[in-house]
2 protein chains.
Amino acid sequence: MPDVDAPVGAAVATPPSAPVLGVSAGSPDSAEGELDVRAVADLIDGRWRERRRASRDLALDPAFHRLPDQSVAEHRARVLEQLHLILDRGDVLRGFPREVGGGGDPGGNLAGFEELFLGDPSIQIKGGVQWGLFGSAVQHLGVPEQHARWLPGIMSLEVPGCFAMTEVGHGSDVASIATTATYDPQTEEFVLHTPFAAARKEYIGNAALHGLAAVVFAQLVTKGRNHGVHALYVPLRERGEDGELRFLPGIGGRDDGPKGGLNGIDNGQLWFDHVRVPRENLLRRYGDVAPDGTYSSPIASKGRRFFTMLGTLVQGRVSLGGAAVGVSKAALSIAVRYGDERRQFTGADENREVTLLDYQRHQRRLLPLLARTYAAGFAQLGLLQRFHEVFSGEHDDDESRQDLETLAAALKPTTTWLAMETLQESREACGGAGFMAENRLVTWRQDFDVYTTFEGDNNVLLQLVGKRLLTDYGKAMGKIDVAGAARFVAARAGDLALHRTPLRRAAQSVVDSGSAARSAGHLRDPDVQRELLEDRVETMVAAIAGALREVKDASPEEATEVFNAHQDELIATAKAHAELLLWEAFTAALPTVPEGTTREVLTWLRDLYGLERIERNLAWYLINGRLTAQRARVVTGYINRLLTRLRPHAVDLVDAFGYTDAHLRAPIASGAERERQEEAASHLRRRRALPERVAAG
Amino acid sequence: MPDVDAPVGAAVATPPSAPVLGVSAGSPDSAEGELDVRAVADLIDGRWRERRRASRDLALDPAFHRLPDQSVAEHRARVLEQLHLILDRGDVLRGFPREVGGGGDPGGNLAGFEELFLGDPSIQIKGGVQWGLFGSAVQHLGVPEQHARWLPGIMSLEVPGCFAMTEVGHGSDVASIATTATYDPQTEEFVLHTPFAAARKEYIGNAALHGLAAVVFAQLVTKGRNHGVHALYVPLRERGEDGELRFLPGIGGRDDGPKGGLNGIDNGQLWFDHVRVPRENLLRRYGDVAPDGTYSSPIASKGRRFFTMLGTLVQGRVSLGGAAVGVSKAALSIAVRYGDERRQFTGADENREVTLLDYQRHQRRLLPLLARTYAAGFAQLGLLQRFHEVFSGEHDDDESRQDLETLAAALKPTTTWLAMETLQESREACGGAGFMAENRLVTWRQDFDVYTTFEGDNNVLLQLVGKRLLTDYGKAMGKIDVAGAARFVAARAGDLALHRTPLRRAAQSVVDSGSAARSAGHLRDPDVQRELLEDRVETMVAAIAGALREVKDASPEEATEVFNAHQDELIATAKAHAELLLWEAFTAALPTVPEGTTREVLTWLRDLYGLERIERNLAWYLINGRLTAQRARVVTGYINRLLTRLRPHAVDLVDAFGYTDAHLRAPIASGAERERQEEAASHLRRRRALPERVAAG
């Protein structure tokens, strides 16, 4: 029996006697051979791997590193400088059209952008504000003439600018913003106005200090009618004779001050007191006002126009998700490498402490996150591909755009919450060392925190996804028979997959085997995993749709109440849908993995992903008769077996992420721990070689 | 049917038309009358409520506030000053014995200490290092003569000092530290030495700058024998002629630099190169060395001696848990008040947006955390009472000390993880505003992060608790019959309770009712909740014990492997045990709550706590036949009913925590949101009163 009170048994002589570090003991069912790290790296870095790696390597230059202990003012100034530097040396304009001097490569652009967090996430987000939001808004909401006029200054950073959408009173509910742009035909100008404090623009990057202009979103009013939210290009500041920047007349602002992270960006408020801008400053691709005030738009429906305009800005959500996957990979690279070296408490051999990652609990903490990060990575590659197809024009139609938006809305919450969880678990798994800023986990966590609520609050996005599932379900129910309709979610998930085997009903809930081994074999079957994950989404959607159908003729109050009573379930359904998408993406990637050990290990990792998701919702499968108690019991045991199988490959699996010690700059993950242990072990070996009475000294 | 695409329907005219803010609509089963906030406040502030409130009010003084955007150096200097200030104006020496000028009131002392986070958690932790660790070590490990010599300087802050226990190579495994204190009978001195880099003292508060002395933990070696870990009082620095502090000869150090939080404390490394300290500097209460080098101790067993010494330092774990409960209360005070005012998206009435806390999802995010915080608060009061009994001498024996340590080890992980979860969910629930440093959630989160791994890593502590459960189970199995043994966990949990109704087997897994209403009634029954929570702990302990019993004669390797294969389960069992303790503490408090609405509401909150814990582990109850699918299905529905019942009382429930706007200093929770909404609503009302064509401007 092992030592139940380890701290008692342990004494000065316990550190490793012969530290065969970094070499993991094989387990009976471990894979022979080694992982083809290079092949896996190529796979998960995807189509734009060269762009991605170039961007990673750019962050090796200390000029792009965050300095410790900067004041907010210093940090802001440095990040502005870094933007200029990255403009000179990076490839940050690749996403803009060739006509204005860009690279016409939206996918490659985002792939590079996603890696910028390695230097400092503030560079990523300030760059995102400038080129991804301010610039993109001009690009997508403006017409070519406006591109020619404003994009050069935006791209060159001559005009740092703001994306002024969010207001104090309205965050994710953009349609309800209250700033007005009222057309005055007398002067052919718009009068931009903040009618009350809740309508002030809030949390706007570049607003506190650096913004010379902004794209301002406002309710467009002409001839006494409100045509909904439109965007205008608005000059904000000019440089005075003393060289200082000052707001133009009628414009006010406030510095948001220190934040929980991303302090390299100068967020602030902006407000407008009857500020006049020329008619030509309305970004007019989706709505224009003639000199006499007549409104026109290529899209008649106010609602559709709004969503079309917002849809062009999906890039933010896509790239935040990509960065979140990147930081999860980086965090796991640190925690897994450290966990593979660090030893603590003795086990069977009282002269040698156990490596953290050999403890079951440590495996349970990190390896499922590794599996989720792989799954999220593959799903994110699919999203990026979709994004590129739409925005490069390779495959751009209404349906593709809608699918892209729904997919981005499903993945952004999934990946940003995954990043939060991974960063925190990694930090705790590294103990006190994880809390030191030099090891980077805590500062990344501070910076990435806000990714869960900006560019659309995660819960609000998931609710939108849930509503889309309901709408699709409603349409499918109208068109096809019930059995067919029940598969609609599967069809949507399959959209993402490159490759997809035909479904079959595994009926594991009906026919149950008597043996645990057979149950485990059953769970390993990808068709069974898919079936379980799909079935849950389908059944949940159908249940909510059923409840809503019952009140479709009720009063608005009653209907709202019923809807609200299912809100939590609807959001859970959207999450389950996203989990299925991740599973599909991971599964679709497997046939492209080199056969043998590499494919075997990645298949275990996919199984771990799928089964851990099923384990989390095991009660649902039991209550709804999808799994018997006997089979459900096997899930956890089989996950534990997967952990021991994957453990020897854990370091290879993070090595494939491509983050070297130089990229990570985290002392604990750079072999220092191993050196210290070797020194300690050699000291203790020498001591043990001496007679006992002397050895103790 | 409600608007499935809210953002489309919403437009400029949607903000509240007649904001009857802060008034919550009653639901059919809402309680009549109001909560007796004052009575609840008295109850949850507990025995030392006056101390607690005085400490809270002390933090109203701006002198104790953290300044925004300080450098690490400025923050450290300010917190040192604040310690002097709090010494003058607070009651921080109350925990020391009367003989040395303290208050002889360990419980009252910690109650006050727990609230110090309101000013800045760095004050709490730097004070904790000085008086709670450095001072306590001298007090508990030294003899009266040593108290007289060193405590006055420690108490008065004349000698800021360190608690030098943790080493680079060993954190939670204190028994394995490698610093040595070798006795030299020639000079009657100890030679303190760091044999290799992994033995350097690490993360030591006051080590980087301010520490003049330290209690250093080292392996005590005399006459060639190692007697295990002991503590020595060691001078570290002296002031040079230039007024600067310098390390004494042979002592080295390193500044840990910026951390994830708590940057008001100067953590660092310390190491010793054959540093000589007089024999009298060994804190000798539990082990002494005679001038000739003969070792003696009142405790013969090295292991028991080690645990006795460490046990005297339990105060840290007790107080961290208390602070974690405090910050959870504060975070919920902010998030619930904001959620009760903030409106977003329209519901049935398209002229009036819905209050966040009226959304089911928002209730689901915050109210179960509120229930857990209440439960944790009651459990923490019980722990503090225990702590006071032992350390005031009111009730001090071996068993009480062991129970206190196990209880502290179970509660510290539970409360510190609760704080992390509550701070993060509260921050996200407040959206972008939650990310602004001025609203305090993010900085508290940064500071409290390390509470999960210091003073014993949470996972290591839970494993200790699990081992204790196994040991007790083993003992109970030896003594009494099986049926009796199966209740041992219940008996341990009951220890904490002030009041306890007799148990009965509810047998809900055998006899199942046909009606959902009856099932809900069943779940409301506290005996059923207790039964479900207890049964899970008991069964899990018995299962692990059974697996270990089977290998008790196996090789160490095999036994270790089996133990490791159950490690995750063992830790889950310890968590379940802690959850049961919280439920018991909450339940024991209910009879002391004023009858009527107040007791009714708190009983719902207790039910929410218990059922939400059961819901999280629903699969276990189903797999193990404790709940049928039918009954399990009711759990979530009943939780949702409790949410709507509790919602109208949510603000009262956080008001009872006693944190006013002035204590919280969070602009979003200070009524600013309400004012903004009133201004916006009045503007929109005026506009609606005008003819349509004009109104839009």
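Residues numbered from 1 in each chain as written. Chains lettered and ligands numbered in written order. Predicted model: local features only at pLDDT ≥ 70, side-chain atom pairs only at ≥ 80, totals over all residues. Heavy atoms only, no water.

A. Seen up close, the sheet that holds strand E10 (residues 268-272) of chain B. Residue and element names in this part refer to chain B. Judged by pairing direction, the sheet is antiparallel, and its three strands sit side by side in the order E4-E10-E9 without closing on themselves. Strand pairing shows two members of the sheet lacking a second neighbour, strand E4 (201-204) and strand E9 (251-255), which therefore form its edges. The average undirected angle you get between the axes of adjacent strands in this sheet is 25 degrees. Relative to E10, E4 runs antiparallel, the two being bridged by two bridges. For Lys201, the partnering residue across the bridge sits in E10 and is Leu270. (Pairing = 2+ DSSP bridges. Helix = DSSP H or I, 4+ residues; strand = E, 2+ residues; numbered from the N terminus. Axes fitted to C-alpha atoms, helices over the stretch in contact; angles between N-to-C directions.)

B. Representation of the pairing of strand E14 (residues 343-346) of chain A within the structure. Residue and element names in this part refer to chain A. Here E14 pairs with strand E15 (residues 353-355) via two bridges, running antiparallel. Among the inter-strand pairings, Arg343 is bridged to a residue of E15, identified as Thr355. Between the end of E14 and the start of E15, which pair antiparallel, lie six residues.

C. Representation of the UniProt feature "domain: Acyl-CoA oxidase C-alpha1" (unreviewed entry) in chain A within the structure. Under the feature "domain: Acyl-CoA oxidase C-alpha1" (unreviewed entry), the UniProt entry names residues 311-470 of chain A. Taken end to end, residues 311-470 of chain A has its terminal C-alpha atoms 20 Å apart, with 74% of it in helix and 4% in strand. (UniProt positions renumbered as here; feature names shortened; annotations may be inferred.)

D. Just the relation of the copies chain B and chain A, in detail. Overlaying chain B with chain A gives an RMSD of 0.0 Å, the required rotation being 180 degrees about an axis along which the chain moves by 0.0 Å. Interpreted geometrically, this transformation is the action of a two-fold axis. Looking at the rotation axis and the C-alpha trace of chain B, the residue lying nearest is Ala619 of chain B, at 2.1 Å. (Least-squares fit on C-alpha atoms with pLDDT ≥ 70 in both.)

E. Quick look at a negative patch on the surface. Residues Asp69 and Glu74 of chain A together with Asp69 and Glu74 of chain B make up a contiguous surface patch of negative charge. If you trace the backbone, Glu74 of chain B turns up in helix H4 (residues 72-89). The class of Glu74 of chain B is partly exposed, set by a relative accessible area of 47%. (Patch = residues over 30% accessible without salt bridge, like charges linked within 9 Å, V, L, I, M, F, W, Y side chains within 5 Å. Areas by Shrake-Rupley, 256 points an atom, 1.4 Å probe, with all protein chains shown as cover. Salt bridge = Lys/Arg side-chain N within 4 Å of Asp/Glu carboxyl O. Lys, Arg positive; Asp, Glu negative; His and termini not counted. Charge placed at Lys NZ, Arg CZ, Asp CG, Glu CD. Buried < 20%, exposed > 50% of the residue type's maximum accessible area, 1.4 Å probe, protein only.)

F. Expanded view of the interface of chain B and chain A. Opposite the 120 residues of chain B that make contact, chain A presents 120 residues. Together chain B and chain A conceal approximately 9800 Å² of surface at their shared face, both sides included; 57% is due to carbon and sulfur atoms. The interface formed by chain B and chain A holds eight salt bridges in total. Two residues, Glu438 of chain A and Arg254 of chain B, come together in a salt bridge whose shortest N-O distance is 3.8 Å. The tally of links from chain B across to chain A stands at 54 residue pairs in polar contact (both at pLDDT 80 or more). Per element, the largest residue contribution to the side of chain B that touches chain A is seven residues, and it comes from helix H19 (residues 556-565) of chain B. Among the residues forming the side of chain B that touches chain A, the class breakdown is 55 nonpolar, 33 polar and 32 charged. (Contact = heavy atoms within 4.5 Å. Buried area = accessible area lost by both parts, 1.4 Å probe. Polar contact = N/O pair within 3.5 Å; in protein donor to acceptor, adjacent residues only side chain to side chain. Nonpolar A, V, L, I, M, F, W, Y, C, P; charged D, E, K, R; others polar.)

G. Seen up close, the side chain of Lys259 of chain B. Position of Lys259 of chain B relative to the elements: it lies in the loop between E9 and E10. Of the polar contacts made by the side chain of Lys259 of chain B, one reaches the side chain of Asn267 of chain B; its length is 3.0 Å. In this structure, Lys259 of chain B is in contact with Phe435, Met436 and Ala437 of chain A together with Ile265 and Asn267 of chain B, ignoring residues within four places of it in sequence.

H. Looking closely at the nonpolar core. Of all hydrophobic cores here, the largest spans 265 residues; its most connected members are Tyr374 of chain A together with Tyr374 of chain B. If we skip the residues at most four places from it in the chain, Tyr374 of chain B touches Val40, Ile44, Phe586, Leu602, Leu605, Leu653, Ala656 and Phe657 of chain B. (Core = buried A, V, L, I, M, F, W, Y, C linked by side-chain atoms within 4.5 Å.)

I. Layout of the confidence of the model for chain A. All names here are of chain A. The pLDDT averaged across chain A works out to 89; a share of 89% of its residues lies at or above 70. Predicted confidence for residues 1-28 stays below pLDDT 50, and this span has 79 contacts to residues more than four positions away or in other chains. In this model residues 480-514 is a low-confidence stretch, pLDDT under 50, and it forms 81 contacts with partners more than four residues away in sequence or in other chains. (pLDDT = per-residue confidence, 0-100.)

J. Geometry of the packing of aromatic side chains. Residue and element names in this part refer to chain A. Following the criterion strictly, the structure yields 32 aromatic pairs over all chains and no others. Arranged with centres 5.6 Å apart and planes meeting at 65 degrees, the rings of Phe117 and Trp444 form a pair that is edge-to-face. Highlighted residues: Phe117 in the loop between helix H5 (106-114) and helix H6 (121-141) and Trp444 in helix H13 (residues 441-448), separated in sequence by 327 residues. Like Trp444, Phe117 is buried. On the numbers, 5.2 Å between centres and 40 degrees between planes, the contact of Tyr374 with Phe657 is tilted. Here Tyr374, found in helix H10 (residues 360-391), pairs with Phe657, found in the loop between helix H24 (650-655) and helix H25 (661-664); they are 283 residues apart in sequence, far enough to count as distant. The buried category is assigned to Tyr374, whose relative accessible area is 1%. The structure contains a cluster of three or more aromatic residues connected by ring pairs, namely Phe117, Trp444, Phe448, Tyr451, Phe454 and Tyr659. (Phe/Tyr/Trp six-rings, centres within 6.5 Å; stacked < 30°, edge-to-face > 60°.)

K. Representation of the pattern of salt bridges. Inspection of the entire model under this criterion finds 99 salt bridges over all chains. The residue Asp568 of chain B makes a salt bridge to Arg361 of chain A at a minimum N-O spacing of 2.8 Å. Residue Asp568 of chain B is found in helix H20 (residues 567-589), and its partner Arg361 of chain A is found in helix H10; the two belong to separate chains. Taken as a pair, Asp568 of chain B and Arg361 of chain A share a single burial class, namely buried. Linked by salt bridges that have partners in common, Asp42, Asp45, Arg49, Arg52, Arg53, Arg56, Glu114 and Glu115 of chain A make up one network.

L. Just the sheet that holds strand E10 (residues 268-272) of chain A, in detail. Residue and element names in this part refer to chain A. Spatially, the three strands line up as an open sheet ordered E4-E10-E9, and their pairing is antiparallel. Looking at strand neighbours, the two that pair on one side only are strand E4 (201-204) and strand E9 (251-255), the edges of this open sheet. Strand after strand, the sheet turns through a mean of 25 degrees between neighbouring axes, direction not considered.

M. Main features of the environment of Ala375 of chain B. Residue and element names in this part refer to chain B. When you line up the elements, Ala375 lands in helix H10 (residues 360-391). Ala375 gets classed as buried once you look at its relative accessible area, which sits at 0%. Apart from the residues within four sequence positions on either side, Ala375 is in contact with Leu582, Phe586 and Tyr609.

N. Seen up close, the packing of helix H9 (residues 315-341) of chain A against H13 of chain A. Residue and element names in this part refer to chain A. Direction vectors running N to C along H9 and H13 enclose 165 degrees, while the axes themselves pass 11 Å from each other. As judged from the angle between their axes, H9 and H13 are roughly antiparallel. Between H9 and H13 lies a crossing whose hand is left-handed. Contacts between H9 and H13 involve Ala323, Ala324, Val327, Ala330, Ala331 and Ile334 on the former and, on the latter, Leu441, Trp444 and Phe448. Partitioned by chemical class, the residues of the contact of H9 with H13 number nine nonpolar, no polar and no charged. (Parallel < 35°, antiparallel > 145°, perpendicular 65-115°, else oblique. Left-handed = near helix turned anticlockwise from the far one by under 90°.)

O. Spotlight on the pairing of strand E2 (residues 180-184) of chain A. Residues and elements named next belong to chain A. Buried residues dominate E2, accounting for four of its five residues. Strand direction decides the pairing type here: E2 and strand E3 (residues 189-193), joined by five bridges, are antiparallel. Of the residues in E3, the one forming a bridge with Thr182 is Val191. Linking E2 to E3, which pair antiparallel, is a turn of four residues; within it Glu188 sits at a positive phi near 55 degrees. As paired strands, E2 and strand E5 (residues 213-222) are joined by three bridges and run parallel to one another. Along E5, the bridge assignment pairs Ala181 with Leu220.

P. Spotlight on the UniProt feature "domain: Acyl-CoA oxidase/dehydrogenase middle" (unreviewed entry) in chain A. When the UniProt feature table is mapped to this numbering, "domain: Acyl-CoA oxidase/dehydrogenase middle" (unreviewed entry) covers residues 162-275 of chain A. For residues 162-275 of chain A, helix accounts for 0% and strand for 48%, while the C-alpha atoms at its two ends are 16 Å apart.

Q. Summary view of helix H3 (residues 49-58) of chain B. All names here are of chain B. Taken as a whole, H3 has its buried residues at Arg51, Arg52, Ser55, Arg56 and Leu58. Along H3, the residues classed as buried sweep out an arc of 160 degrees about the axis, all on the same side. For H3, the elements touching its buried residues are helix H2 (37-45), H4, helix H5 (106-114), H10 and helix H25 (661-664). (Arc of directions from axis to C-beta.)

R. Representation of the environment of Leu611 of chain B within the structure. Residue and element names in this part refer to chain B. On the secondary structure map, Leu611 appears in helix H21 (residues 597-616). Between the C-alpha atoms of Leu611 and Val390, which are 221 residues apart in sequence, the distance is 34 Å. Beyond its immediate chain neighbours, meaning those up to four positions away, Leu611 contacts Leu523, Gln529, Val635, Tyr638, Ile639 and Leu642.

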